[in-house]
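Structural features, examined
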Amino acid sequence: QVLSDVFNAPVFTIDTANSACLGSAYRAIHGLVAERNVSLADVVKLAPEPRLAVTPTPGAEELYRPLLKRYAELEQKVIYSSASSC
């Protein structure tokens, strides 16, 4: 529920063991075939059908939007300060 609220997006799950690892594996396959213009959608065509797990809580977006903006600002600050110190 927290991910759904923070990113204001529905969260889907796949009824399979280690589904997070499965998602990483699909991304890795996509990286291997990307130079052949194969889309991620084509790579995951044979994946199990996802199931809607949760939807955003109404009003949660107003709480998390400023926090996400601040997080993005801090992330950029860390990235640029790390790059300049290398």
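What counts as what
Residues numbered from 1 in each chain as written. Predicted model: local features only at pLDDT ≥ 70, side-chain atom pairs only at ≥ 80, totals over all residues. Heavy atoms only, no water. Salt bridge = Lys/Arg side-chain N within 4 Å of Asp/Glu carboxyl O. Buried < 20%, exposed > 50% of the residue type's maximum accessible area, 1.4 Å probe, protein only. Helix = DSSP H or I, 4+ residues; strand = E, 2+ residues; numbered from the N terminus. pLDDT = per-residue confidence, 0-100.

Under an unreviewed UniProt entry, the protein chain has the name XYLB kinase and belongs to Prunella himalayana.

**Here we look at the pattern of salt bridges**
In total, this model carries 6 salt bridges according to the counting rule given. A salt bridge links K45 to D42; its shortest N-O distance comes to 3.2 Å. What makes K45 exposed here is its relative accessible area of 63%. For D42, a relative accessible area of 39% translates into the label partly exposed. Between R70 and E73 there is a salt bridge, with the nearest N and O atoms lying 3.7 Å from each other. Note that R70 and E73 are positioned in helix 4 (residues 60–84) at a spacing of 3 residues, about one turn of the helix. On the accessibility criterion, E73 (37% relative accessible area) is partly exposed. Among the ionic contacts, a cluster of salt bridges with common partners joins E61, E62 and R65.

**Brief notes about the environment of C21**
By the element assignment, C21 lies in helix 2 (residues 19–33). According to the relative accessible area criterion, C21 is exposed, its value standing at 52%. Linking C21 and V33, residues 12 residues apart in sequence, is a C-alpha distance of 19 Å.

**Some words on the confidence of the model for the protein chain**
The share of residues in the protein chain with pLDDT of 70 or more is 97%, and the mean pLDDT across the chain is 88. Between the elements of the protein chain, mean pLDDT differs from a low of 87, seen in helix 4, to a high of 95, seen in strand 2 (residues 51–54).

**What about the environment of Y26?**
Structurally, Y26 can be placed in helix 2. Note: C-alpha distance between Y26 and V43 (17 residues apart in sequence) is 6.7 Å.

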